[in-house]
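# Report on the structure
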Amino acid sequence: MPDRDVIGEPGQGWRVAMATAENERGLTLRSPGRFLAAADRLLDLWRAEGSPAWARDRVADALIGARAYQLFTYAGASRALEGEPMGPESSLNKVFWSEYDIALHETALDLLGAEGESAHGDWAEGYVFSLAGPIYAGTNEIQRDIIAERLLGLPKGRR
Ligand SMILES: Cc1cc2nc3c(=O)[nH]c(=O)nc-3n(C[C@H](O)[C@H](O)[C@H](O)COP(=O)(O)OP(=O)(O)OC[C@H]3O[C@@H](n4cnc5c(N)ncnc54)[C@H](O)[C@@H]3O)c2cc1C
């Protein structure tokens with residue numbers, strides 16, 4: 001590696017790698033617009049299915065979650081503009097968006113019933129992809145380790 005290509009100081013590679021992963025998890029991987037649009041589509045679907053009362057809270061959770069995610073992302077972007085690192089808070093974000101995505105798609109499939117099983121349906125396809133969310137970008141088990149140790153200050157588990 002030529003000296004001119006070194007990022008930061010030699011010996012700081014782990015820190016650079018972790019900062020890269022934190023930015024991916026916390027800011028750049030899933031855009032808030034995607035979830036806001038999906039929550040709107042879910043609302044339309046709920047209405048088209050006759051606004052069933054059993055799904056009302058779940059649809060409301062999807063709308064509130066999309067907005068909360070948007071605001072959390074604004075906060076992260078604002079911190080980045082101030083030159084602050086994402087930090088372990090990005091793990092909270094990652095657990096949130098990956099579990100949110102699954103819940104939103106499950107609600108849509110429950111609204112669609114048997115029709116939702118159609119292999120070519122957008123919702124079914126989105127659901128299958130959402131199942132990968134807790135795995136990629138660092139599994140949610142790992143994120144929970146980070147939250148426990150670095151945010152909550154809990155003792156390290158046995159390695
Ligand atoms: C759709 C998709 C896209 C992907 N895209 C990319 C990409 O663009 N770039 C890239 O580099 N990789 C990518 N990956 C790979 C992904 O990052 C890894 O699959 C993921 O980090 C998990 O690593 P692993 O599969 O080696 O599982 P392992 O690390 O072997 O983990 C296996 C299981 O053990 C658990 N586990 C492991 N260690 C601990 C621990 N310390 N505490 C608690 N539980 C633990 C894990 O949570 C998991 O359930 C992608 C994966 C998927 C599914």
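Everything numeric in this text was worked out from a predicted model, so none of it was measured.

## Section: the overall build of the protein
- Scanning the protein for helices and strands turns up 6 helices and 0 strands.
- For the protein, buried positions account for 36% of its 159 residues.
- Partitioning the intrachain contacts of the protein with sequence separation of at least 6 by distance along the chain shows that 75% fall at a separation of at least 24.
- Per element, the accessible surface of the protein, about 9900 Å² overall, is 58% carbon and sulfur.
- Across the protein, the mean location of the 17 positive side-chain charges is 5 Å away from that of the 24 negative side-chain charges.

## So, the site of the ligand
- Around the ligand, the neighbouring residues are Ala 132, Ile 135, Tyr 136, Thr 139, Glu 141, Ile 142 and Asp 145.
- Taking Thr 139, its side chain carries an N or O atom lying 2.6 Å from an oxygen atom of the ligand.
- A distance of 2.9 Å separates a nitrogen atom of the ligand from a polar atom in the side chain of Asp 145.
- In the complex, 32% of the free accessible area of the ligand, which totals 970 Å², lies under the protein chains.
- A per-class count over the shell around the ligand returns 4 nonpolar, 1 polar and 2 charged.

## Here's the deal with the packing of helix H2 (residues 32-48) against helix H4 (residues 89-112)
- Between H2 and H4, the least distance of the axes is 10 Å, while the angle of their chain directions is 20°. Regarding the angle of H2 to H4, the classification is roughly parallel. For the pair H2 and H4, the crossing hand works out as left-handed. Contacts between H2 and H4 involve Phe 35, Ala 38, Ala 39, Leu 42, Leu 45 and Trp 46 on the former and, on the latter, Trp 97, Tyr 100, Asp 101, Leu 104, Thr 107, Ala 108, Leu 111 and Leu 112.

## A closer look at helix H3 (residues 56-81)
- Between its first and last C-alpha, H3 extends 38 Å over 26 residues, near the 38 Å set by a 1.5 Å rise per residue.
- All of the buried residues in H3 are Val 59, Ala 62, Gly 65, Ala 66, Tyr 69, Gln 70, Thr 73 and Gly 76.
- Count one or two residues on from H3 and you reach Gly 83, which has phi positive near 85°.

## Side note on the nonpolar core
- Counting 21 residues, the largest nonpolar core has Leu 42, Leu 45, Tyr 100, Leu 104 and Trp 123 as the members making the most contacts within it.
- Looking at this core, the elements with two or more residues in it are H2, H3, H4 and helix H5 (122-130).
- Beyond its immediate sequence surroundings of up to four residues, Leu 104 is in contact with Ala 38, Ala 39, Leu 42, Ala 62 and Trp 123.

## Here we look at the packing of aromatic side chains
- Applying the stated criterion across every chain yields a total of 6 aromatic pairs.
- Consider the rings of Phe 35 and Tyr 100, whose centres lie 5.1 Å apart with planes at 70°: the pair is edge-to-face. Note that Phe 35 is positioned in helix H2 and Tyr 100 in helix H4, a separation of 65 residues in sequence.
- Taking relative accessible area as the criterion, Phe 35 reaches 2% and is therefore assigned buried.
- Accessibility expressed as a relative area gives 8% for Tyr 100, which makes it buried.
- Look at Trp 97 and Tyr 136: their rings are 5.8 Å apart centre to centre, the planes differ by 40°, and that puts the pair in the tilted class. Of this pair, Trp 97 sits in helix H4 while Tyr 136 sits in the loop between H5 and helix H6 (140-151); the two residues are 39 residues apart in sequence, bridging distant segments of the chain.
- Ring pairing ties together the aromatic residues Phe 35, Tyr 69, Phe 96 and Tyr 100, which thus form one cluster.

How each quantity is defined
- Numbering of residues starts from 1 in every chain and runs along the sequence as written.
- Only residues with pLDDT of at least 70 get local features here, since the model is predicted, and only at 80 or more are side-chain atom pairs given and counted; chain-wide, interface and lining totals rely on the full set of residues.
- Where side-chain values are given, they derive from all heavy atoms of the structure, hydrogens and water being excluded.
- Every helix listed is a DSSP run of H or I at least four residues long, and every strand listed is a run of E at least two residues long, numbered separately from the N terminus.
- Exposure categories follow from relative accessible area, calculated using a 1.4 Å probe and restricted to protein chains: below 20% of the type maximum is buried, above 50% is exposed, and the middle band is partly exposed.
- Whether two residues touch is decided by their heavy atoms; if any such pair falls within 4.5 Å, the residues are in contact.
- Note on areas: these come from Shrake-Rupley sampling with a 1.4 Å probe, and a residue is covered only by the protein chains present in the view.
- His is not counted, nor are the chain ends, whereas Lys and Arg count as positive and Asp and Glu as negative.
- The atom standing in for a charge is NZ when the residue is Lys, CZ when it is Arg, CG when it is Asp and CD when it is Glu.
- One heavy atom within 4 Å of a molecule or strand makes the whole residue count as near it.
- Polar contact is defined as a pair of N or O atoms within 3.5 Å, subject to the rule that within protein one atom must be able to donate a hydrogen and the other to accept it, and that residues adjacent in sequence are counted only when both atoms are side-chain atoms.
- Each residue gets one of three labels, nonpolar for Ala, Val, Leu, Ile, Met, Phe, Trp, Tyr, Cys and Pro, charged for Asp, Glu, Lys and Arg, and polar for the others, Gly among them.
- To obtain an axis, a line is fitted to C-alpha atoms, over the contacting stretch when the element is a helix, and the angle between two such axes runs from 0 to 180 degrees between their N-to-C directions.
- Roughly parallel covers angles under 35 degrees, roughly antiparallel covers those over 145, roughly perpendicular covers 65 to 115, and oblique covers all other angles.
- The hand of a helix crossing depends on one turn: near helix anticlockwise from the far one by less than a right angle means left-handed, and clockwise means right-handed.
- One fewer than the residue count of a helix, multiplied by 1.5 Å, yields its expected span.
- Nine residue types can take part in a nonpolar core, namely buried Ala, Val, Leu, Ile, Met, Phe, Trp, Tyr and Cys, and a core is a set of them joined through side-chain atoms within 4.5 Å.
- Only Phe, Tyr and Trp rings are paired, with Trp represented by its six-membered ring, and only when their centres lie within 6.5 Å; those with planes under 30 degrees apart are stacked, over 60 edge-to-face, the remainder tilted.

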